[in-house]
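Structural characterization, general
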Amino acid sequence: MSLQTRTHKCPFRLMLWLGLLHWTSGSLVKTNLGLRVKRGQSAFLQEGDLQFHIPREKDACKLEVVLNEPITQRVGTLSPQVFDCHYLVDEVKYTHNGCPILKEDTVKLRLYRFTETETYSEVFSLRVEIMEPDCNVIKLGPQTLQVLEFYGLSNVLDGNVVSFHYEHRSNIECAIRVMTPESHLPGHGQLVTGEPDKLEGPRGDEPDSFVSIRQQLDNKARANCKSESCLKGLKLVKITKVSCNEFLMMGIRYQHVTPPSPDIDYIAIRLDLTDTRSRSIIQSEQAWIPVTIKGAVPNQPPKPAFMSMFILEVDQFILTPFSTATLDAVDAETPKNRLVFNVTKPPSEGFITHLSDHTKPISSFTWTDLNDLLISYQPPNSSHTQRRNYEVEFEVHDFYFEKSQPVMVHMSVRTADTNAPRVSWNMGLSLLEGQSRPITWEQLQIVDNDDSKAVRIITVDGLQHGRLTVRGGKGFMFTISDIKAGVVCYHHDDSDTTKDFVIFRITDGRHQTRHKFPINILPKDDSPPFLITNMVLELSEGQTALLRGSVLQASDMDSSDDYIMFNITRPPQAGEIMKMPGPGITGYPVTRFLQKDLFHSIIYYRHFGNEVFDDSFEVVLSDFHDPPNLSDPQIIVIQIQPVPDQPPKEVPGVSRYLVVKETDVVYLTKQQLHFVDLESPDCELTYTVTTPPLYSTTYGGTDAGRLFLVDSIPKFAKDPNAPVLRLFTQHAVNYMKVAYMPPINDIGPYPRHIQFVLSVSSQQGRTTNGICFNVTVLPVDNQIPEVHINQLTVDEGGECWVSVDHLRLTDVDSLEDSLRVELKRRPQHGEVYLDGSPLSQGQTFNVWDLKNLKVRYHHDSSESDQDDIECIATDGVNSVDFVLPVKECPFFDRSPW
């Protein structure tokens, strides 16, 4: 069903053809995809779920949730009640109450489009599909609650009946609320704890069956008890909030108290997971815990009441209320005040309405409103000379959503024989906050049988938030022709109000009547956000503190509180505002943040640690309106508690370790050496070398390297003239001005482990001592082997061993196993053998061969007294040429005889 109205701005006349054009122009709703929500949970409307044929830049557009339709929002609610058509993400939320019975729900929405001169409205329904959750926190089973007889007690509600599954963290608090006031559940029982007092056994010759009867009577008396004094061992459960673990340990039972009842009743609960840091709810879930009642029958549908006539007599033009004498229903399991009547076939003319706003038709109502005479029939505004009959069909729904057979009510509209003026049509007025609208013939129609020109409409009451004008002047009194001409205008005073009204006295000179004309005002986003909580933030010196929602919170009357922006116009002086999006994620300073950031516990204040103990920052609040509405500057005060002065502390993750080649020099960086002091800048943190570099093993020399200032040498390389550094700052380390130089002399073939010890002092003189820094110096093979030679002596034609006495190899930076001798050229007068085999040019032998007499020289018996063995000594990287001389000793004298 949709209702569309169109009005014109004063003082223009109403153009009927434009109204007809509006009625035929189609719906303003462009896309209506509905909403899907998991049972017991919440879901937000996404951007594409609802779209409208209304340009954002042109006209104002509002959506209002229709609240007086009990056949809608039966198992959930949509909030907020009024929101913009171009809603924000995570602004419009449907919350399901956990009911397991229905698989879908409906939300009725009224769409308003406001132009400068006209108001359009349309009613449509948003379908909500309810799905089974796949990873809910509340899980039912494996056992169920059961009551074995009327007035009996169930088994205990414990972890076998319901359990809670969530991530257990130190900052997560789990709480349960029993939702009896909101849900009216359980409907036929109550929650108790304890054990009932036991009855005495059989008395004398009393049959065993009498004991059972006495037990049933005792249970009934206990169930009908109105105070704990007669519960006989039981206590009523009166909890509003309890921890999840405690809820399962309380020993709660269901006590059946009001038969007849359906065979299933429910206990409604809500679970909240709260972040203890910000006290904001990070997840909510609702569930209905079923209770099976043995011996009861399934829920039965309601039935029409026998005593109702189902006939309504109506005077022409007169808003006539229904009563229970006209329409009524009964249900064995559901109290009457929880019955809902649904209009399945509305009357062909006129409409059913609620007296809270009799200008708008309704499609459902409660029995309570029916009994209070708040449900009426508005007959059509057309006049007839004969009685007219209409029919309207209803269905009655009980508390558990069973519906009755159709119920037909007959309405008879009789003609009125009176000359008094009467209001034949009253649709009220709808407009945007601060706008003006004419009261036209479409909204207010007045008839008079004998002389309509003599009718005067006089303002006698109302107009609490606006004023009336007639042709631009004061609107104290006007005529029917003024209404038809569209010159009677209502002007809203632009206040933050949603309702207004006018009480008219209508007279033709002889007769008079009073009538109320309602005015519905839709809010516009013209109010800035305002702070509702601004507590002093307290923290200790040098700490980082969470800005909780309990410390800082704002609200906005016209838009979503989640999207209130806190713009920092003057930052704090002794700290900074930081956003830390999640665990393990590095925080960063911000100049603005959203209120939902506060609720998600990601906004912090970090104190720099200096000696300032009173701080503050200034914010201006803004919303997402275009242009944004801005609040006055607000001051947030921060108090810092001083703590005993602490010495400098090392930054986590620092290695205090270097690896360097013996031929290189290396910078000290923040990765190897980084201390901080909350009250001293890095340029005031001074390191002192208390123990110069030394070898960590007993082997080593006096030179274990040195720390030096990079700027003290012309080239970043080993320089024996570099002055030794004894003092430097963290600032110098940060900017790579401090370096380590390994020992000047070669360290040999093995890595050397070196240590030096530092102390660091702050500007205030606080010192951290015993900072041990480790250095590993890696050898570099850059020295050539040294060759020590003694001449070989051999007999003519004889041989001799080449041993370490004749040829000795040494290398300061190479292992002995790596030293080898290569035969560069074979000797001219002999041969070199290795293990019995002659060596060719290019073949090698090593030190082990020399030590074990594997190398020998054999003379060829030639008449020569001198020979040379040309060789190359190498360590695999470096090499040197050398000659091993050989001297021959002849067997006899070769001189002439």
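Throughout what follows, the structure given in this document is the object of discussion. (Residues numbered from 1 in each chain as written. Predicted model: local features only at pLDDT ≥ 70, side-chain atom pairs only at ≥ 80, totals over all residues. Heavy atoms only, no water.)

Across its full length, the protein holds 9 helices and 74 strands. On C-alpha atoms alone, the protein measures out to a radius of gyration of 49 Å, which is more than a quarter above the 29 Å that the 2.2 N^0.38 rule sets for 897 residues. Along the first, second and third principal axes, the C-alpha set of the protein runs to 185 × 95 × 60 Å. Across the protein, the fraction of contacts at a sequence separation of at least 24, relative to all contacts at a separation of at least 6, is 70%. When the accessible surface of the protein is summed, it comes to about 43700 Å², and 52% of that surface belongs to carbon and sulfur atoms. Charged side chains in the protein number 85 positive and 116 negative. The centres of these two groups are separated by 10 Å. (Helix = DSSP H or I, 4+ residues; strand = E, 2+ residues; numbered from the N terminus. Rg over C-alpha atoms; globule rule 2.2 N^0.38 Å. Contact = heavy atoms within 4.5 Å. Areas by Shrake-Rupley, 256 points an atom, 1.4 Å probe, with all protein chains shown as cover. Lys, Arg positive; Asp, Glu negative; His and termini not counted. Charge placed at Lys NZ, Arg CZ, Asp CG, Glu CD.)

Our next topic: the packing of aromatic side chains. Overall, the coordinates contain 19 aromatic pairs when judged by the stated rule. On the basis of an interplanar angle of 45 degrees and a centroid distance of 6.5 Å, the ring pair of Tyr-377 and Tyr-390 is categorised as tilted. Residue Tyr-377 is found in strand S29 (residues 375–378), and its partner Tyr-390 is found in strand S30 (residues 388–397); the two are separated by 13 residues along the sequence. Here the two residues Tyr-377 and Tyr-390 agree in accessibility, since each one is buried. Arranged with centres 5.5 Å apart and planes meeting at 80 degrees, the rings of Tyr-563 and Phe-624 form a pair that is edge-to-face. Of this pair, Tyr-563 sits in the loop between strand S46 (552–555) and strand S47 (565–570) while Phe-624 sits in the loop between strand S52 (614–622) and strand S53 (634–641), and the two are 61 residues apart along the sequence. (Phe/Tyr/Trp six-rings, centres within 6.5 Å; stacked < 30°, edge-to-face > 60°. Buried < 20%, exposed > 50% of the residue type's maximum accessible area, 1.4 Å probe, protein only.)

A word on the state of the cysteines. Counted according to the given criterion, the structure contains 2 disulfides. Here Cys-61 is linked by a disulfide to Cys-85, with a sulfur-sulfur distance of 1.8 Å. Judged by the sign of its S-S torsion, about -70 degrees, the cystine formed by Cys-61 and Cys-85 is left-handed. You can see Cys-61 sitting in strand S5 (residues 60–65) and its partner Cys-85 sitting in the loop between strand S7 (82–84) and strand S8 (93–96), a full 24 residues away along the chain. Considered together, Cys-61 and Cys-85 belong to a single accessibility category, that of buried residues. Between the sulfur of Cys-174 and that of Cys-244 lies a disulfide, 1.8 Å long from S to S. Handedness of the Cys-174-Cys-244 disulfide follows from its S-S torsion of about -70 degrees: it is left-handed. Of this pair, Cys-174 sits in strand S14 (residues 172–178) while Cys-244 sits in helix H4 (residues 244–249); the two residues are 70 residues apart in sequence, bridging distant segments of the chain. Assigned by exposure class, Cys-174 and Cys-244 land together as buried. The closest cysteine sulfur to the non-disulfide-bonded Cys-135 is located on Cys-174, 16 Å from its own sulfur. For Cys-800, which is in no disulfide, the shortest distance to another cysteine sulfur is to Cys-889 and amounts to 9.8 Å. (Disulfide = S-S within 2.5 Å.)

One open sheet holds the 5 strands; their spatial order is S22-S31-S30-S25-S28, and the pairing between them is mixed. At either end of the open sheet lies a strand with only one pairing partner, and these are strand S22 (311–315) and strand S28 (364–366). Neighbour-to-neighbour, the strand axes of the sheet open up by a mean angle of 30 degrees, direction not taken into account. Examined bridge by bridge, strand S25 (residues 340–345) and S30 share 5 bridges and lie antiparallel to one another. (Pairing = 2+ DSSP bridges. Axes fitted to C-alpha atoms, helices over the stretch in contact; angles between N-to-C directions.)

Within the secondary structure, Cys-489 sits in strand S40 (residues 488–492). The class for Cys-489 is buried, based on a relative accessible area of 0%.

So, on to the side chain of Lys-360. Relative to the helices and strands, Lys-360 is located in strand S27 (residues 357–361). The class of Lys-360 is buried, set by a relative accessible area of 11%. Ignoring any residue separated from it by four or fewer positions in sequence, one finds Lys-360 in contact with Arg-110, Tyr-112, Phe-351, Ile-352, Thr-353, His-354, Ser-430 and Asn-520.

Moving on: a nonpolar patch on the surface. On the surface, Phe-530, Ile-532 and Met-557 cluster together into a nonpolar patch covering about 300 Å² of accessible area. With respect to the element layout, Met-557 can be found in the loop between S46 and S47. Classification of Met-557 by relative accessible area gives exposed; the value is 52%. (Patch = residues over 30% accessible without salt bridge, like charges linked within 9 Å, V, L, I, M, F, W, Y side chains within 5 Å. Salt bridge = Lys/Arg side-chain N within 4 Å of Asp/Glu carboxyl O.)

Let us look at the nonpolar core. Membership of the largest hydrophobic core comes to 37 residues, with the highest contact counts inside it found for Leu-50, Phe-52 and Leu-111. Of all the secondary-structure elements, those providing two or more residues to this core are strand S2 (35–38), strand S4 (50–52), S5, strand S9 (104–114), strand S10 (119–131) and strand S19 (264–275). If you look at the next biggest cluster of nonpolar residues, it comprises 31 residues, including Tyr-166, Phe-247, Leu-273 and Ile-293. (Core = buried A, V, L, I, M, F, W, Y, C linked by side-chain atoms within 4.5 Å.)

Time to look at the sheet that holds strand S70 (residues 837–838). The strand order across the open sheet built from 4 strands is S66-S72-S69-S70, with neighbouring strands paired in antiparallel fashion. Every other strand in the sheet has two partners, leaving strand S66 (799–801) and S70 as the edge strands with one partner each. Two strands pair when backbone bridges link them, and strand S69 (residues 830–834) and strand S72 (residues 855–859) are joined in this way by 5 bridges, in the antiparallel orientation. Of the residues in S72, the one forming a bridge with Leu-834 is Val-855.

Looking now at the pattern of salt bridges. Per the stated rule, a full pass over the model turns up 30 salt bridges. In this structure, the salt-bridge partner of Arg-177 is Asp-272, at a minimum N-O distance of 3.6 Å. Linking Arg-177 in strand S14 with Asp-272 in strand S19, this pair joins segments that are 95 residues apart in sequence. The exposure class of Arg-177 is partly exposed, given its relative accessible area of 28%. We note a salt bridge from Arg-656 to Glu-650, for which the minimum N-O separation is 2.8 Å. Members of the salt-bridge network, linked through shared partners, are Glu-313, Asp-315, Arg-387 and Arg-414.

All we've got here are geometric facts, nothing functional implied.
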